[in-house]
Structures are given as C-alpha cells and as structure tokens.
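Working through the structure, step by step
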Amino acid sequence: MRLTSRVVIVGAFSLLAINLRAASEIAVAIRYLQAQGTSHSHLYLYRENGKFLRQLTNDDSGQDVDPIFAPDGEVIVFTREKTGSPNEFWSVHPLGGNPSKLDAAPDWYEQTKTSSYFTNRDTPAPTESASPATGSPQSSPSPDASAARTAAGMMGERRSYRAPDGSVELILREDPSDPDDQVDGERHGKHYVLRYLKTGIQADFGTLPGFFGVYEILHERQNPERQFLFEGLLRVAFFGLHLNSTDGDTSFALDLNGPRFVRLSPNWAAPVPLPGEAAFLTLTENRYEPIQGTTKTANCSYIERWDAQLQKTRYARPKAAAIFYGASIYRSERIPAVVTIRQNAD
C-alpha cells in the first residue's frame, strides 16, 4: 500500500513537471550594462507571460549569445564568445544545472536561422552588438532609410493593400499640397485611408487614435507580399516612420480591431510573428537609456511580446539598460515548436 502511494505521488510530481514545461518558455541572452567594469551576456529563462524562472548561465569569461532550444525542447545550445579565442558551444537544460561544453555545435543549431520578421527593407533588422575586446556597447543604427526610399520614387505614389480575409483595404495616398506629405516624418500619412470593404465605412489615418505619422507599410522579410498579421483575435498591419538623425526610425502597429495606432518603441522595433498565436514578438531598440549609477546612456535592445490587445511584456529586468544577444522560444503544442531570433537577424 505504501509502495502504491509512493508511485502515485511520484507520478503526480512527474505529471506536474510535464504540465509546467507545457507552457511556452523563452530563453534570452541579455547583457545588463553596469556602472563599472565589463558587463557580460548571460542566459535567462522566462515564461511567455513574463514570469522570470531562472538564470541559466553566469560565467564571465565571455559573452553567452544565441541560445536556441533543441527541437524537442529538452536542451538549449548557445555560443560563448571569448576575446582572441574561437567560439565555444555549450548546452544547458531549461530546468537549470551546470552548462556542458560541446565539442562542436549540433547540426540543427548551425542550421537554425532567425524566424521571419516584418521589415521595411531587405536587409537584416537592427541589433545592438558589443565589442568582444572591450565589452562596451557599439551602436547599430535602426533602418534609417528615408533617403533611399525617396530616391526610389516612393513619394507621391498611391498604393493599396487588401487584407487576406477581404475585410479591409489600406490606401496609401498623399496630398501633393500638404507639406507633411512631402517628407518621411511626423504627420506624414494622415491622408492614408482605412476602408472596411463589407460596410464601405472608411477613415483617414490622421483621425485614428494614436496617430503620430506613418510612411511605408512593413512586409514580412521572407514573403514580401505579406503585409498583414492575422492570428486569431490579432489583426494588425505594421508601419515605419523616420524621426530624425538622432532617434532614427520608429514603427507602429495599426490595430484593425480598434482601429487605432500603437507605437511599438520610441525608436525602432522589428515585429516577429508567432505562428498559431494571437501575439508577436518585437526586437526593440531603445536609444539613450540611462545606465544606473552613472550619468551615461547607451543604445539598448530588448525582446518583447505583444498580445492580441497589444499589451506588452518585456523579457528583462525593469528599468535596466541592457543589450539583447538572441532569444529562442519553445512552444510544445504549436508549429513550429521553436521560434528563434539570433543576435544578428539574418
């Protein structure tokens, strides 16, 4: 009878562990900038709801970057970058424990690329990187491409985009007599039109809540014909806008359920779809973040999650200046099970 009880108890704990791992988890490589000395990137594990679970690495001999879940979610492989030495490959279990050094990176690790994201051009999304020699942040600009867009003759064009379900159409038109429409900047796009095709109701972008200005619609990098992200209750399109040479560009989500505009970052943010979920990630740039304990600021980057109501969860310590070095999500009940963003999106 005692043995049976013990088996039942052990079985219950096993089921509990399985259920706990059934929730989506995200492994994040992030470097928290400090007032003195060299800061280092370590791996941290979160639940998708933002609950911090545990720190997975704490070695200060290098920078731990590009964590990627194995296809079965049982292990996380990452790269350790050291000054003047070849990259090392390590593995660690999501439940914690000491990392193990690998002789070589697994084939699946080498082959895993950054999941598709929305962009305004065909080059990789911006990230913050660090000099391995000094450990100090080095700025990577947001896609400040307004001059290139103007040269390409996009100004003055009329373009329209219809949602995949035929519910709405976005008409990007400009008023030649309106000075705001002559430059890629604040208040541009106020004459763009949101039209609901089934009812014929339409509204200028400039009348929608949250409007600040938009220029071009973003497209999925691997599928330039995709301009909308529809997943369950999530129905959005993304737009970019140039700010200035200091702040770079910014991006907005047009919530078609509102309708309304939601700014994804004071600076740039690259949206990353989560297939099968009414949510998306953003690789988010925040310029001139204060470093605690100093008068210095840094150009920082983070990974964030947005739900269908466009509520944001940041996977980082609150009010911390930090630099993102890659992330991977394991979702046991979705396809694909693993969604990854490498430190240099490719």
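The notes below deal with the structure included here. (Residues numbered from 1 in each chain as written. Predicted model: local features only at pLDDT ≥ 70, side-chain atom pairs only at ≥ 80, totals over all residues. Heavy atoms only, no water.)

1. Overview of the overall build of the protein chain
Broken down by element type, the protein chain carries three helices and 26 strands. A total of 346 residues make up the protein chain; the buried ones form 50% of that total. Counting contacts in the protein chain only where the partners sit at least 6 residues apart, residues at least 24 apart contribute 52% of the total. Surface accessibility of the protein chain: about 16,100 Å² in total, with carbon and sulfur atoms responsible for 51%. (Helix = DSSP H or I, 4+ residues; strand = E, 2+ residues; numbered from the N terminus. Buried < 20%, exposed > 50% of the residue type's maximum accessible area, 1.4 Å probe, protein only. Contact = heavy atoms within 4.5 Å. Areas by Shrake-Rupley, 256 points an atom, 1.4 Å probe, with all protein chains shown as cover.)

2. Overview of the environment of Ser39
Relative to the helices and strands, Ser39 is located in the loop between β1 (25-32) and β2 (41-47). Overall, the relative accessible area of 5% leaves Ser39 in the buried class. Separated by 21 residues in the primary sequence, Ser39 and Asp60 place their C-alpha atoms 8.2 Å from one another. A distance of 2.7 Å separates the side chain of Ser39 from the side chain of Arg31, its partner in a polar contact. (Polar contact = N/O pair within 3.5 Å; in protein donor to acceptor, adjacent residues only side chain to side chain.)

3. A few points about the environment of Asp307
One can find Asp307 in strand β23 (residues 297-307). The sequence separation of Asp307 and Glu277 amounts to 30 residues, and the corresponding C-alpha distance is 8.7 Å. When residues no more than four places from it in sequence are discounted, the contact partners of Asp307 are Leu234, Ala278 and Ala279. One polar contact links the side chain of Asp307 to the main-chain amide nitrogen of Gln311, over a distance of 2.8 Å.

4. Considering the sheet that holds strand β21 (residues 269-273)
One open sheet accounts for four strands, arranged β21-β22-β23-β24; its pairing is antiparallel. Pairing within the sheet leaves two strands with one partner each, and these edge strands are β21 and β24 (312-314). The average angle at which neighbouring strand axes cross in this sheet is 30°, direction not considered. Sheet analysis places β21 next to strand β22 (residues 279-290), joined by five bridges and oriented antiparallel. Residue pairing across strands places Ala270 opposite Leu283, the latter belonging to β22. (Pairing = 2+ DSSP bridges. Axes fitted to C-alpha atoms, helices over the stretch in contact; angles between N-to-C directions.)

5. Comments concerning the sheet that holds strand β5 (residues 76-81)
Spatial strand order, β4-β5-β6-β7: four strands in an open sheet with antiparallel pairing. The open sheet has two edge strands with one neighbour each: β4 (63-69) and β7 (100-102). Each strand axis lies, on average, 35° off the axis of its neighbour in the sheet, ignoring direction. In this sheet, β5 lies alongside β4 in antiparallel orientation, the contact comprising five bridges. Looking at β5, one finds that Val65 is bridged to Thr79.

6. Concerning the packing of aromatic side chains
A complete count under the given rule lists 18 aromatic pairs for this structure. Between Phe205 and Phe239, the aromatic rings sit 5.6 Å apart at their centres with planes inclined by 90°, giving edge-to-face as the arrangement. Of this pair, Phe205 sits in the loop between β14 (202-204) and β15 (216-217) while Phe239 sits in strand β18 (residues 234-244); the two residues are 34 residues apart in sequence, bridging distant segments of the chain. Phe239 carries the same exposure label as Phe205, and that label is buried. For Arg80, the ring lying beneath its charged end belongs to Trp90, and the centroid distance is 4.3 Å. In this structure, Arg263 is placed above the aromatic ring of Phe212, and the distance from its NZ or CZ to the ring centre is 5.1 Å. (Phe/Tyr/Trp six-rings, centres within 6.5 Å; stacked < 30°, edge-to-face > 60°. Lys NZ or Arg CZ within 6 Å of the ring centre and 35° of its normal.)

7. Quick look at the pairing of strand β6 (residues 88-92)
Extensive coverage of β6 is indicated by the burial of five of its five residues. Residues Glu88, Trp90 and Val92 line one face of β6 and the alternating positions Phe89 and Ser91 line the opposite face, and both faces are buried. Judged from the five bridges that link them, β5 and β6 form a sheet pairing that is antiparallel. Within β6, the residue paired with Thr79 across the bridge is Phe89. Summarising the sheet, β6 and β7 pair through three bridges and their orientation is antiparallel. Paired with Phe89 across the bridge in β7 is Leu102.

8. Let's talk about the pattern of salt bridges
By the definition in use, this model includes 19 salt bridges. For Arg331, the salt bridge is made with Glu277, and the minimal N-O distance between the two is 2.8 Å. One end of the pair, Arg331, is in the loop between β25 (322-330) and β26 (338-342); the other, Glu277, is in the loop between β21 and β22, with 54 residues separating them in the sequence. For Arg331, a relative accessible area of 1% gives the class buried. Glu277 gets classed as buried once you look at its relative accessible area, which sits at 5%. Where salt bridges share partners, they join Glu48, Glu277, Arg305, Arg331 and Arg334 into one cluster. (Salt bridge = Lys/Arg side-chain N within 4 Å of Asp/Glu carboxyl O.)

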